[in-house]
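An overview of the molecular structure
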Amino acid sequence: MSQTTSLALQSDKPDIVPSFPVVINPEPGAPDAVAYVRNHKDRIEELVTEHGAVLLRGFDVREPGQFFDIISQISTEILNYSERSSPRHAVSDRVYTSTDHPPDQNIELHAEQSYTLNWPCFICFFCHTRPGTGGNTPIADNRRILSRLPKSLVERFEAHGILYQRTYTPGLGVSWQTAFQTEEPAQVEAFCKERDIDFHWDAEGRLKTKQYRSAFQHHPVTQEKLWFNHALFFHVTSLEPHITEALIEAVGYENVPTNTFFGNGEPFSPEDLAAMRQAVAAEKRSFDWVKGDVLILDNMICQHGRDPFSGERRIYTLMARPYQSIRSPLTLRR
């Protein structure tokens, strides 16, 4: 478990020992979590920007509605989950299961929706029911990951960006109907045109898309350059080896549900993939969930994932503050 710092917020700025995540416990006689966050909104947001992750622990948070109200004190722009890449379902208004991915499988760390043009600045989690074993939500700092990457690799990403390639095969991965939240191909095509996504329907009727994006973004507050992408998460080798092999055998390498390349189409070498994985692994931190925990992440600074688990696990999520409401994102010139 990573080192954490228990913090009681006062009207002035307390001294803070750097930790990841920062843990905030309620003071004796503190109001409920919604009022507490409302009273300390600015300072909590400063901590999220500085550290990337803040964990509210010890508050009496029981239901998704409370979770929604807590995060609404920080940002009223709570998002619907669109342009989907992971299976989730809604449990209340704009509150979703963190994932419906099989519990025995690992979920690679990633920056939520970094493949889109309008990602959430905040992604937040609420522990309704802690898992029996495992099931942690590991996190990692994108600033520190970037500092660990080989200069030559960073330069290639700067020169070429990233290509995300997706193939929507019925029965494999997320369907296009789920990803785009529509049953109408025309609406999918309009969505893709609006968001700079290349698309076509192949001879078998499968939707295939390509997105050219930057591997980096600048933080809207600190202006720091960040490693911000789905290079690993969407790469076919990030699945369990037997799943990767089965997918390639079933549909061919060109038709796997997701894959990534340099923006010029060049595949990542085993050395490239190893360098990225080593940088993430070196910065990966974890903590054990406690019932009622609320984790607030700056989605641009902090990656997240999920460990395999057993037993019942109810971790809910919501996303807030669309990036385009703050400033226009960097886009890759082609």
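Residue numbers restart at each chain and count upward from 1, following the sequence in its written direction. The model is predicted, so local features are restricted to residues of pLDDT at least 70 and side-chain atom pairs to those at 80 or more, both for listing and for counting; the totals for chains, interfaces and linings are taken over all residues. In computing side-chain values, all of the structure's heavy atoms are included and hydrogens and water are not.

Observations regarding unusual backbone geometry
For the record, the criterion: A run of H or I in DSSP becomes a helix once it reaches four residues, and a run of E becomes a strand once it reaches two; helices and strands are each numbered from the N terminus. Relative accessibility decides the category of a residue: with a 1.4 Å probe and only protein chains considered, values under 20% of the type maximum give buried, values over 50% give exposed, and everything between is partly exposed.
Unusually for a residue other than glycine, Asp 196 sits at a positive phi of about 60 degrees. Among the secondary structure elements, Asp 196 is positioned in the loop between helix 7 (185-194) and strand 11 (198-201). Asp 196 gets classed as partly exposed once you look at its relative accessible area, which sits at 34%. One non-glycine residue, Arg 321, adopts positive backbone phi at about 55 degrees.

Digging into the sheet that holds strand 10 (residues 162-168)
Filter applied, for reference: At least two bridges found by DSSP between two strands are what make those strands a pair. To get an axis, a line is fitted to the C-alpha atoms, and for a helix only the part in contact is used. The angle between two axes follows their N-to-C directions and goes from 0 to 180 degrees. Any two residues having at least one pair of non-hydrogen atoms within 4.5 Å are treated as being in contact.
Across the sheet, which stays open at both edges, the four strands sit in the order 11-12-10-15 with antiparallel pairing between neighbours. This sheet does not close on itself; its edge strands, each paired only once, are strand 11 and strand 15 (258-262). On average, each strand axis in the sheet is inclined to that of its neighbour by 15 degrees, with strand direction left out of account. Inspection of the sheet shows strand 10 paired to strand 12 (residues 207-213) by seven bridges, in the antiparallel sense. Considered in strand 12, the bridge of Thr 167 is made with Lys 208. Packed onto the sheet, helix 5 (residues 151-160) meets strand 10 and strand 15 and runs at close to 100 degrees relative to strand 15.

Observations concerning the confidence of the model for the protein chain
Using the following cut-off: The predictor reports its confidence for every residue as pLDDT, a score running from 0 up to 100.
Across the protein chain, pLDDT averages 88, with 90% of residues at or above 70. Low pLDDT, under 50, characterises residues 1-17; the predicted model gives this stretch 47 contacts beyond four residues in sequence or across chains. Confidence drops under a pLDDT of 50 for residues 328-334, and excluding neighbours within four residues, the segment shows 18 contacts in the predicted structure.

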